[in-house]
Amino acid sequence: MSLIADSAAAAAQLLIAGDSTLGEITRLSIAVSASATFMGAVLGLPLGAWVALTTNRLRSPFIVVLNAALGLPPVVIGLVVYLLLSRSGPLGALGWLFTPMGMAFAQVLLITPIIAALTRQAIEDAHVDLRDWFSSMGMGTSARMQTLLYEARFSLVVVLLAAFGRAIAEVGAVMIVGGNIAGATRVMTTTIALETSKGDLPLALALGALLVAIVLVVNGIAHALKSRLQVRHE
Amino acid sequence: MSERGHPIVSLQQASLLVGAKSLLADISFDVHAGESVVVLGANGAGKSTLLKLLSGIYVPTFGTLDVAPTREQAFIFQRPPVLRRSALDNIRFVLRNRNLAKDNVTERATAALAIAGLTHVAQQQAKTLSGGEQQRLALARAWAMSPKLLLADEPTANLSPLATREIERTIAAIQAAGATLILTTHNLAQAKRVAQRIVFLDAGRIVEDRSATDFFAAPQSDAARRYLEGEVT
């Protein structure tokens, strides 16, 4: 019991003192996951909208692949990205292995299917009441995608914040691709895993508390934003 | 071709099948520019389906349809679809979709709101408007597009008499701007006010197509007689 209490007290001291290592690791985590979320949005929002609206015969196989990708273990994604980015891999020339770019790349692969799958559902729901009207105006798939992505914007903000939460809480893929190099690719989750295995619980606990706080704040913002905007518009 | 020139709508021996079910069968009729046609019929007779066929939402399984192009049509639904944006922006949306010059979009949208008596709610979120106001907004969008053909599917269903009259006034404004009207309704008083001509549908077939005066004075079919006497809904 004293181990937990002592570690918690030391963790609190680190947080209060604004420990520089803690700050550096937290900033890198947020930067990597925010970049991944941005790229995931660029890819996943239009992909999900297209799958929701297309009548192409590839739609069904696409949905199966998307849904399957939701369940991919992060370590498998990490392994695949490692092979792609390794010196002899097809993307080795990029030099992204053991860099924040490589970690963001792995997180993009992890969260893009999540963003696309949730976007598909949001767009399909928004399309139900508007389908006949759009058809009567002769709107094509591209115009519908643009309109519905804007129409479903409140739901999609929540989707993106959920994706960010998923990315920043991930450990397996970034551990493999980033290598957990101090001062270079060490992020919150990989540090927690490392420090716990070393028995340095105060830093692990402080980072854990910060990670939980970030995820809570992000979800709180998502909820408040959606509620406030919906009240204004409905 | 009739003496009135080329029809704005010409449907010849058109049928619509969904699977093995026939929704419309052997429909033939022409509508000329400036006409005001009301489609009547019991629930499930095919009124809404016919309008959706004319607008291109459905494609006839058999037969031919010659109609004004989509960009010259406006469709008014029973439940008006509105976007999550202001009333003014809802009208701007359809104008931009029609590639109207950017400078003219706001001017035209503002004029459309005035025609529908909605100037005071221009900046209000469309989803927060009442049912009648949302329908007038849909009509304002239609007016803004200057359609040659206005298809209105029970536009006043579930609305108060006052709201109904406001909708009819806005429809009249769109007609005055040059639109031909095809409207479905269950409101016989409205049909008498609006229609020059009645097309009566029964089980997906046209059983009467006559002037409104003649139709209401002496319906020729049993189905129409029973409908007018309130024996079927």
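This text follows the structure it describes.
Here is a short report on the structure shown in this document. (Residues numbered from 1 in each chain as written. Chains lettered and ligands numbered in written order. Predicted model: local features only at pLDDT ≥ 70, side-chain atom pairs only at ≥ 80, totals over all residues.)

A word on the overall build of chain B. Within chain B, the secondary structure is distributed over eight helices and nine strands. Relative to the 2.2 N^0.38 estimate, which gives 17 Å for 233 residues, the radius of gyration of chain B is 18 Å and therefore close to what a compact globule would have. In terms of its C-alpha atoms, chain B occupies a principal-axis envelope of roughly 50 × 40 × 35 Å. Within chain B, counting contacts between residues at least 6 apart in sequence, those at least 24 apart form 69% of the total. (Helix = DSSP H or I, 4+ residues; strand = E, 2+ residues; numbered from the N terminus. Rg over C-alpha atoms; globule rule 2.2 N^0.38 Å. Contact = placed C-beta atoms within 7 Å.)

Here the focus is the overall build of chain A. On a plain count of helices and strands, chain A comes out with eleven helices and zero strands. The order of helices and strands in chain A, counted from the N terminus, is α-α-α-α-α-α-α-α-α-α-α. The C-alpha extent of chain A, read off along each of the three principal axes, is 70 × 50 × 25 Å. By residue count, 38% of the 234 residues in chain A fall in the buried class. Relative to all contacts within chain A whose residues are 6 or more apart in sequence, the contacts with residues 24 or more apart total 78%. (Buried ≥ 20, exposed ≤ 12 C-beta atoms within 10 Å, placed from the backbone.)

This next bit is on the sheet that holds strand β6 (residues 149-153) of chain B. All names here are of chain B. What the six strands build is an open sheet, ordered β5-β6-β7-β3-β8-β9; its pairing is mixed. Two strands in the sheet have a free side with no partner beyond their single neighbour: β5 (73-76) and β9 (205-211). For this sheet, the mean inter-axis angle between neighbouring strands, taken without regard to orientation, is 15°. Pairing between β5 and β6: four bridges, direction parallel. Along β6, the bridge assignment pairs alanine 74 with leucine 150. (Pairing = 2+ DSSP bridges. Axes fitted to C-alpha atoms, helices over the stretch in contact; angles between N-to-C directions.)

Turning next to the interface of chain A and chain B. In this assembly, 14 residues from chain A lie in contact with 17 residues from chain B. For the side of chain A that touches chain B, the secondary structure elements donating two or more residues are α6 (131-136), α7 (141-151) and α11 (201-233) of chain A. Sorting elements by how many residues they give to the side of chain A that touches chain B places α6(A) first, with four residues. The residue makeup of the side of chain A that touches chain B, split by class, is five nonpolar, four polar and five charged. (Nonpolar A, V, L, I, M, F, W, Y, C, P; charged D, E, K, R; others polar.)

Once that is clear, we can look at the nonpolar core. Core analysis: the biggest nonpolar cluster contains 70 residues, and Leu139(B) and Ala140(B) have the highest contact counts within it. For this core, the element with the most residues is helix α4 (residues 131-144) of chain B, which contributes seven residues. Beyond its immediate stretch of four places on either side in the chain, Ala140(B) contacts Ile91(B), Ala112(B), Leu113(B), Ile115(B), Ala116(B) and Leu118(B). Listed in part, the 59 residues of the second largest apolar core include Ile77(A), Val174(A), Ile176(A) and Met188(A). (Core = buried A, V, L, I, M, F, W, Y, C linked by C-beta atoms within 7 Å.)

Here we come to the packing of helix α3 (residues 102-115) of chain B against α4(B). All names here are of chain B. Relative orientation of the contacting elements α3 and α4 amounts to 130°, with a least axis distance of 8 Å. Relative to α4, the element α3 is oriented oblique. The interaxial crossing formed by α3 with α4 has right-handed handedness. Every residue of α4 that contacts α3 at Arg108, Ala109, Ala112, Leu113 and Ile115 is listed here: Ala140, Arg141, Trp143 and Ala144. (Parallel < 35°, antiparallel > 145°, perpendicular 65-115°, else oblique. Left-handed = near helix turned anticlockwise from the far one by under 90°.)

Attention now moves to the pairing of β6(B). All names here are of chain B. Taken across its five residues, β6 has five buried, putting it largely inside the fold. As paired strands, β6 and strand β7 (residues 180-184) are joined by five bridges and run parallel to one another. By the bridge assignment, alanine 152 is partnered in β7 with leucine 183. Between the parallel pair β6 and β7, the chain is carried across by helix α5 (residues 161-176), and the sense of this crossover is right-handed. (Right-handed = clockwise from strand over helix to strand, strands pointing away.)

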